[in-house]
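Summary of the model geometry
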Amino acid sequence: MPLRNIAIIAHVDHGKTTLIDVLLRQSGAFRDNQKVAERAMDSNDLERERGITILAKCTSLQWKDTRINIVDTPGHADFGGEVERILNMVDGAIVLVDAAEGPMPQTKFVVSKALKIGLKPIVAVNKIDKSDERHGEVVNEVFDLFAALDASDEQLDFPILYGSAKEGWMANEPEGPKEGMGPLFDLVLSHVSPPPVEKGAFSMLATTLEADPFLGRILTGRITSGSIAANAGVKALNHDGEEVERGRITKLLSFDGLERVGIDAAQAGDIVAIAGLSKATVSDTLCDASVEAALPAQPVDPPTLAMTFRINDGPLAGQEGSKVQSRVIRERLMREAEGNVALTITDTGDKDSFEVAGRGELQLAILIETMRREGFELTVSRPQVVMRTDPDTGQRLEPMEEVFIDVNEEFTGAVVQKLTERKAALMEMKPSSGGQQNLTFLAPTRGLIGYLGELLTDTRGTAVMNRTFHSYAPYKGAIQGRRTGVLISNAQGNAVAFALWNLEDRGPLMITPGTRVYEGMIVGGHTRSNDLEVNVLKGKKLTNIRAAGRDDAVALTPPTILTLEKALAFVQDDELVEITPESIRMRKRYLNPHERKSAERRAAS
């Protein structure tokens, strides 16, 4: 059966996963009466909640006797490690852009990777039914983007389709006809070339890895040459050509719609999943015993942010979660690093803590949130950037990011001022549609930690920020951190409304009455630069004199409850975020005030 392998590339929320839902339904992958979840490809809870694709997934459908394997790629730069490997499996890409927003910076990240390896793009302008659509300008913007990314003449001569995935149609003209996805399927068959088949024995590059409770490790990739049958013997080579292991294929799986089905044999060009190997990992070559050379593997961009994951050693440890030991945390992190090449885990000198380095705040926050839902309790430090040393000059280098901000003109001054304070350089400033400015900065990753919340406050929630890794550059010097101190609880117990009411003048509170607190836990922000120890347990003194009625009810200002991402950005180097399945608390690294003072003196000397 003829084959086509394609990827769908789009920015977060431009309709990529919705489009795949429609393609599956119209190609007959679902029964007419089958109940299918909306955005079926976003398979885990976090993906559905945040509306983003985190893990690249594969699906397959049939159109006019041709099998089309479709890969859904993550649209966020933090998951770029996944994107690069996935693109090696496909021969063409559908670049999906919003008819109103146009190509976005995160699309640029994935498109640049796709054009670099020579994929021929098909441009699909989605959401053409929007009232503010501007398809003509969007197509020109896509052309300019491809040209800026050094696309070849063949890649610049791309076919264009217009449509609405939500309404279930694509056509050669913006007006229609609105008769389904047929034009898109036909264009894939005519424009995307069949997968290239090399001569020789079986070989394939492992591009994704996952753990299955029944089958063990499952490696997915495209067969480059030869054919493979279930129960055949294979060996794994790393990218240097050294043998990792030999084994037997216990299960050979192919994709059919959203399901994986067992098959007896597969040919070159097909995308399959293989179970049975215990050590082989992503970017290893799985091949016949006679093959000696490994397939070239795409290098992965380096991690730029690192955090320390520790056990929860606070007074409330073990009361909400079931997985608290350092051994269990280490096993879980190592398992995550196996399938996620953009993450690196290293043991620190302290046996109870581990350093986790990743591509960005979002990637690390999603790992923490996933672990939290699995019942883990842990404490994590503020994210730190991964520094490098220039081998020639011995200079310290830090990661720099390209930052793109769309903002209303009235707030431009505040944005430029704040980012300049964070050592960012304004590279470009151009007017955008609807009285907006499009700002491009080159900023150190350090300066962007926790900036998103500040940006939304400064612009009243109207700004849109996107960022992509740019390069390593010489260290830019110290950046001013949080300017105010915090309120720290000086005892353990349940917070009392009367005590919180008396503390409101000291700064914004971050807990509600009845919250369990302990010594050293952060309960609010201080209006001044120093930290202040407070008693949130002190109730009202009761006497035998009747109180006036107005004293009975205490009216508290609603507290600022921080989300995981905001808490990670809020804490300083001497503070930790404590994460349990039910709570997110912030605390000092040293809970005892005497230990804190000693640590400060040591740091000062």
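The numbers attached to residues start from 1 for each chain and follow its sequence in the written order. Note on the predicted model: pLDDT of at least 70 is required for a residue's local features to be given, and 80 or more for side-chain atom pairs to be given and counted; whole-chain, interface and lining totals, by contrast, use all residues. Excluding hydrogens and water, the side-chain figures rest on all heavy atoms present in the structure.

Here we take up the overall build of the protein chain. Comment: elements are numbered from the N terminus, with helices defined as DSSP H or I runs of at least four residues and strands as E runs of at least two. A tally of helices and strands in the protein chain yields 15 helices and 34 strands. Each residue is assigned to one of three classes by its accessible area relative to the maximum for its type, calculated with a 1.4 Å probe on protein chains only: buried under 20%, partly exposed between the two thresholds, exposed over 50%. Looking at the 605 residues of the protein chain, the share that counts as buried comes to 51%. Whether two residues touch is decided by their heavy atoms; if any such pair falls within 4.5 Å, the residues are in contact. Expressed as a percentage of contacts within the protein chain between residues at least 6 apart in sequence, the contacts between residues at least 24 apart total 72%. Areas reported here follow the Shrake-Rupley algorithm with a probe of radius 1.4 Å; residue values treat only the protein chains shown as occluding. With an accessible surface of roughly 27,700 Å², the protein chain has 48% of that area assigned to carbon and sulfur atoms.

The next thing to look at is the environment of N231. Mapped onto the fold, N231 is located in the loop between strand 10 (227–229) and strand 11 (233–237). For N231 and D264, which are 33 residues apart along the polypeptide, the C-alpha to C-alpha distance reads 8.8 Å.

Moving on, we get to the pairing of strand 1 (residues 3–10). By the criterion of burial, strand 1 is predominantly enclosed, with eight of the eight residues buried. The two faces of strand 1 match: L3, N5, A7 and I9 on one face and R4, I6, I8 and A10 on the other face are all buried. Two strands make a pair as long as DSSP finds a minimum of two bridges between them. By the bridge criterion, six bridges tie strand 1 to strand 3 (residues 66–72) in an arrangement that is parallel. Directly across from I6, in strand 3, lies its bridge partner I70. Strand direction decides the pairing type here: strand 1 and strand 4 (residues 92–98), joined by five bridges, are parallel. Directly across from A7, in strand 4, lies its bridge partner A93.

With antiparallel pairing, the eight strands of this open sheet are ordered in space as 12-11-17-8-9-16-13-14. For this open sheet the edge positions go to strand 12 (243–248) and strand 14 (259–262), each flanked by a neighbour on one side alone. Strand-to-strand, the axes of this sheet are offset by a mean angle of 35°, without reference to chain direction. As judged from the four bridges shared by strand 13 (residues 251–256) and strand 16 (residues 271–275), these two strands associate in the antiparallel manner. Paired with K251 across the two strands is A275, which belongs to strand 16. For helices, the fitted axis covers only the stretch in contact; all axes are lines through C-alpha atoms, and the angles between them, taken along N-to-C directions, range from 0 to 180 degrees.

Moving on to unusual backbone geometry. Here the phi dihedral of K127 falls at roughly 60°; this positive angle occurs in a residue that is not glycine. Within the element layout of this structure, K127 appears in the loop between strand 5 (120–126) and helix 5 (135–148). Among the residues examined, K127 registers a relative accessible area of 22% and is labelled partly exposed.

A word on the side chain of R222. Among the secondary structure elements, R222 is positioned in strand 9 (residues 216–225). Look at R222 and you get buried, because its relative accessible area is 14%. A distance of 3.2 Å separates the side chain of R222 from the backbone oxygen of M89, its partner in a polar contact. Whenever two N or O atoms come within 3.5 Å, that pair is a polar contact, provided that in protein one can donate a hydrogen and the other can accept it, and provided that, for residues adjacent in sequence, both atoms are side-chain atoms. Looking at R222, its side chain comes within polar contact range of the side chain of D91, at 2.8 Å. Residue contacts for R222: discarding those within four places in its chain leaves N5, N88, M89, V90, D91, P195, P196, M204, L205, G269, D270 and I271.

This part covers the pattern of salt bridges. Here, a salt bridge means any Lys or Arg side-chain nitrogen found within 4 Å of an Asp or Glu carboxyl oxygen. Overall, the coordinates contain 27 salt bridges when judged by the stated rule. R246 is the partner of E243 in a salt bridge, and the nearest nitrogen-oxygen pair spans 3.0 Å. A salt bridge links R332 to E374; the shortest N-O distance between them is 2.6 Å. A residue pair is termed long-range when its members are at least 10 positions apart, and R332 in helix 8 (residues 326–339) and E374 in the loop between helix 9 (361–373) and strand 21 (378–380) qualify at 42 residues. E374 sits in the partly exposed class, given a relative accessible area of 31%. Residues joined by salt bridges that share partners form a network here, namely K418, R422, E454 and D458.

Turning our eyes to something else, we now look at the packing of aromatic side chains. Only rings of Phe, Tyr and Trp enter the pairing, Trp through its six-membered ring, and a pair is recorded when the two centres are within 6.5 Å. The plane angle decides the type: under 30 degrees is stacked, over 60 is edge-to-face, the rest tilted. On inspection of all chains with the given rule, the structure shows three aromatic pairs. Residues F146 and F158 carry aromatic rings whose centres are separated by 5.2 Å and whose planes lie at 70° to one another, so their mutual orientation is edge-to-face. One end of the pair, F146, is in helix 5; the other, F158, is in the loop between helix 6 (153–156) and strand 6 (160–164), with 12 residues separating them in the sequence. A centroid spacing of 6.2 Å and a plane angle of 40° characterise the contact between F498 and W501, whose relative ring orientation is tilted. Placement of the pair is F498 and W501 together in helix 13 (residues 497–503), with a separation of three residues, close to one helical turn. Residue classification places F498 among the partly exposed positions, given a relative accessible area of 21%. Using a relative accessible area of 42% as the deciding quantity, one classes W501 as partly exposed. The structure contains a cluster of three or more aromatic residues connected by ring pairs, namely F143, F146 and F158. Positioned over the ring face of Y472 is R388, at 4.4 Å from the centre of the ring. A cation over an aromatic ring shows up here: R396 above the ring of Y475, its NZ or CZ 4.5 Å from the ring centre. Two limits define a charge over a ring: the Lys NZ or Arg CZ must be within 6 Å of the ring centre, and within 35 degrees of the ring normal.

Take the environment of K430 next. Following the sequence through the fold, K430 ends up in strand 25 (residues 425–432). The class for K430 is partly exposed, based on a relative accessible area of 41%. C-alpha of K430 to C-alpha of D406: the two residues are 24 residues apart in sequence and 9.9 Å apart in space. Not counting residues within four places of it along the chain, the set of residues in contact with K430 comprises Q437 and N438.

With that settled, the discussion passes to the confidence of the model for the protein chain. Per-chain confidence: the protein chain averages 81 in pLDDT, with 89% of residues scoring 70 or above. Values of pLDDT, which run from 0 to 100, indicate the predictor's confidence residue by residue. Overall, residues 31–43 carries pLDDT values under 50, and its contacts beyond four positions in sequence, including any with other chains, amount to 32 contacts.

The complete set of buried residues in helix 10 (residues 412–421) reads T412, V415 and L419. Down the axis of helix 10, the smallest arc covering the buried residues is 65°, so these residues share one side. Directly beyond the C-terminal end of helix 10, a positive phi value near 65° is found at K423. Of all possible arcs, the one meant is that of the directions from the helix axis to the C-beta atoms.

Turning our attention to the packing of helix 10 against helix 12 (residues 451–458). Viewed as axis vectors pointing N to C, helix 10 and helix 12 meet at an angle of 155°, and their least axial separation amounts to 10 Å. In terms of orientation, helix 10 and helix 12 fall into the roughly antiparallel class. Taken as a pair, helix 10 and helix 12 cross one another with a handedness that is right-handed. Note on element contacts: helix 12 touches helix 10 through Y451, E454, L455 and D458, opposite V415, K418 and L419. Along the lines of polarity and charge, the residues of the contact of helix 10 with helix 12 split into four nonpolar, no polar and three charged. Here roughly perpendicular refers to angles of 65 to 115 degrees, roughly parallel to angles under 35, roughly antiparallel to angles over 145, and oblique to all remaining angles. Definitions for this section: a left-handed crossing has its near helix turned counterclockwise from the far helix by less than a right angle. A right-handed crossing has that turn clockwise. Put simply, Ala, Val, Leu, Ile, Met, Phe, Trp, Tyr, Cys and Pro go in the nonpolar bin, Asp, Glu, Lys and Arg in the charged bin, and everything else, Gly too, in the polar bin.

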